Amino acid sequence: MENFLSSDAIRTLFSQAMSAMYQQEVPQYGALTQLVSAVNERTLEATPALKDRLAAADELARLSVERHGAIRVGTAAELSLLREMFAVMGMEPVGYYDLSQAGVPVHSTAFRPVSEAALRRNPFRVFTSLLRPELIDDPALHARAMAILDARDIFTPGCRRLIRRHQEQGGLNARDAAAFVSEALETFRWHAQTTVDSTTYHALSQQHRLIADVVCFRGCHINHLTPRTLDIDRVQALMPSRGIEPKVLIEGPPRRQVPILLRQTSFKALEEAVHFSDGTPGTHTARFGEIEQRGAALTPAGRALYDRLLAAAGSGSDNAQHQQRLSEVFRDFPDDEETLREHQLAWFRYRLTERGEQQPPRAGESVSALLQAGRLQAEPIVYEDFLPVSAAGIFQSNLGNAVTTREAGHASQAAFEAALGASVQDEMALYAQMQQRSLIRCGIHEG
Ligand code: OOG
Ligand code: NI
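Residues numbered from 1 in each chain as written. Chains lettered and ligands numbered in written order. Predicted model: local features only at pLDDT ≥ 70, side-chain atom pairs only at ≥ 80, totals over all residues. Heavy atoms only, no water.

- Naming follows an unreviewed UniProt entry, where the protein appears as 2-oxoadipate dioxygenase/decarboxylase of Pantoea eucrina.
- Under Cofactor (unreviewed entry), UniProt gives the following word-for-word description of the protein: "Fe(2+)".
- On record in UniProt, under Sequence similarities (unreviewed entry), the comment for the protein is "Belongs to the 2-oxoadipate dioxygenase/decarboxylase family." (UniProt positions renumbered as here; feature names shortened; annotations may be inferred.)

Right, here's the structure in full:
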């Protein structure tokens, strides 16, 4: 039996290669990552408690490698082969996001590692959207878009071969893994040359800029890569000093004592020169930069409360005002770990303290009694997924033109899964399992 590289190792190689490529393609991304590292370092220095906490939760090591990317594809065949490609890197489809509600003609999933060990090694995720061409209302244009998509192959022959080899052998040796990473990268590379003439591009773009972005190029270029920051407000404030113009609003919940879910902001997509197949020059805006700050994963009850408060806070056109309003509305969301746990609003990972090791839990002892006695410790589980309202906000800030909400906007998870060739995992079940397993590791069998 050959010596295979672990899928964690392949994922790490791939995310590094992707980051290096994107830094070359979009220098502002490099500037943003530097800013994020500087702010993270400063935040850790200024708040030793946070540093200890992250170290104890084994999160410090993953912080500097952590990022997500996003891509958009056009057909079921593309989506399902992407699933097989990401499987080589230990990334599985988790969650279903319907963005048609927000006037964006796509639905999406996130390919990401799912086991605790894999997440600790490298949580690299790719938010992957499938175009919903049924939302193109002109039948001729719809047919044309489908024909263009069917004629392209976004995967190199080498990439296809190595995916098969991985499936047949159950792994890849170091040499094949390195080859796989460089072949896979080709799928996500930017091409300034479109596959269509300017007339077709403009017709598709007029339907929706996203449609042109998905249909008119040879590959599904990575459209952003997002590092994780420990202080998003600070990075947002400092962006202009590095020549980066942030989007107006930070998406997601407000700043809190106990961060929850995900806060995100981005810089606007760049207007880039492209060449149409008829030889005329033009421009295309698709690629941008984004940062995020991750907090606790919420239970279904916590998530329902989040959704309700977010809707109540509404939107705004000034970040300071919007954050102020969010903070007011989110007073109804408990902001200490104790209450979040007691009210079962967030998921927690439990571990025995030293005292707990010496005096292990006995049958019948409750979790709260053990916590109170200092024999057990609970830390919030980090949210590893995405938020549809935030994602729509990010999409829209990059779609310059006014966004029209479409009638046909309804969730269609079944159609998405049929295209994917697999079902998506339920993120809530994954968090529930993590919490439950941590209790079992402590010798607690309640709940
Ligand atoms: C994806 C936008 C969503 C996020 O972090 O929520 C996203 C896209 O523009 O393709 O990346
Ligand atoms: Ni993103």
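What follows picks up the thread again.
1. As for the packing of aromatic side chains
- Applying the stated criterion to the full structure yields 14 aromatic pairs.
- Here tryptophan 190 and phenylalanine 217 contribute two aromatic rings whose centre-to-centre distance is 5.3 Å and whose plane-to-plane angle is 35 degrees, an arrangement assigned as tilted. Within this pair, whereas tryptophan 190 is found in the loop between helix H9 (174–187) and helix H10 (198–207), its partner phenylalanine 217 is found in the loop between helix H11 (209–215) and strand E5 (224–227), the two being separated by 27 residues in sequence.
- Among the aromatic side chains, those forming a connected cluster through ring pairs are Phe14, Phe86, Phe111, Phe124 and Phe188.
- Seen from the ring of phenylalanine 386, arginine 294 lies directly overhead, with NZ or CZ sitting 5.5 Å from the centre. (Phe/Tyr/Trp six-rings, centres within 6.5 Å; stacked < 30°, edge-to-face > 60°. Helix = DSSP H or I, 4+ residues; strand = E, 2+ residues; numbered from the N terminus. Lys NZ or Arg CZ within 6 Å of the ring centre and 35° of its normal.)

2. Overview of the sheet that holds strand E4 (residues 125–131)
- If you walk across this open sheet you meet the five strands as E2-E3-E4-E1-E5, and the pairing is mixed. The two strands at the open ends of the sheet, each matched to only one other strand, are strand E2 (92–98) and E5. Sheet twist, expressed as the mean angle between neighbouring strand axes with direction ignored, is 20 degrees.
- Against the sheet, helix H1 (residues 7–25) touches strand E1 (67–73) and E5, its axis set at about 115 degrees to E5.
- Sitting on the sheet, helix H18 (residues 388–397) is in contact with E1, E2, strand E3 (106–112) and E4, with an inclination near 75 degrees to E4. (Pairing = 2+ DSSP bridges. Axes fitted to C-alpha atoms, helices over the stretch in contact; angles between N-to-C directions. Contact = heavy atoms within 4.5 Å.)

3. Describing the coordination of the nickel ion (ligand 2)
- At 2.1 Å from the nickel ion (ligand 2) lie its protein donor atoms, namely His68 (NE2), His224 (NE2) and Glu290 (OE).
- Sequence positions of the donors to the nickel ion (ligand 2) reduce to the motif H-x155-H-x65-E. Of this pair, histidine 224 sits in strand E5 while glutamate 290 sits in strand E9 (residues 289–294), and the two are 66 residues apart along the sequence. Assigned by exposure class, histidine 224 and glutamate 290 land together as buried. (Donors = N, O, S within 2.8 Å, 3.2 Å for Na, K, Ca; no water. Buried < 20%, exposed > 50% of the residue type's maximum accessible area, 1.4 Å probe, protein only.)

4. A short note on the pattern of salt bridges
- Taken as a whole and assessed by the stated rule, the structure comprises 32 salt bridges.
- Between glutamate 384 and arginine 125 there is a salt bridge, with the nearest N and O atoms lying 2.6 Å from each other. A residue pair is termed long-range when its members are at least 10 positions apart, and glutamate 384 in the loop between strand E11 (376–380) and H18 and arginine 125 in strand E4 qualify at 259 residues. Considered together, glutamate 384 and arginine 125 belong to a single accessibility category, that of buried residues.
- Each of Glu59, Arg62, Glu66, Arg125, Arg228, Glu292, Arg294 and Glu384 takes part in salt bridges that share partners, so that together they form one network. (Salt bridge = Lys/Arg side-chain N within 4 Å of Asp/Glu carboxyl O.)

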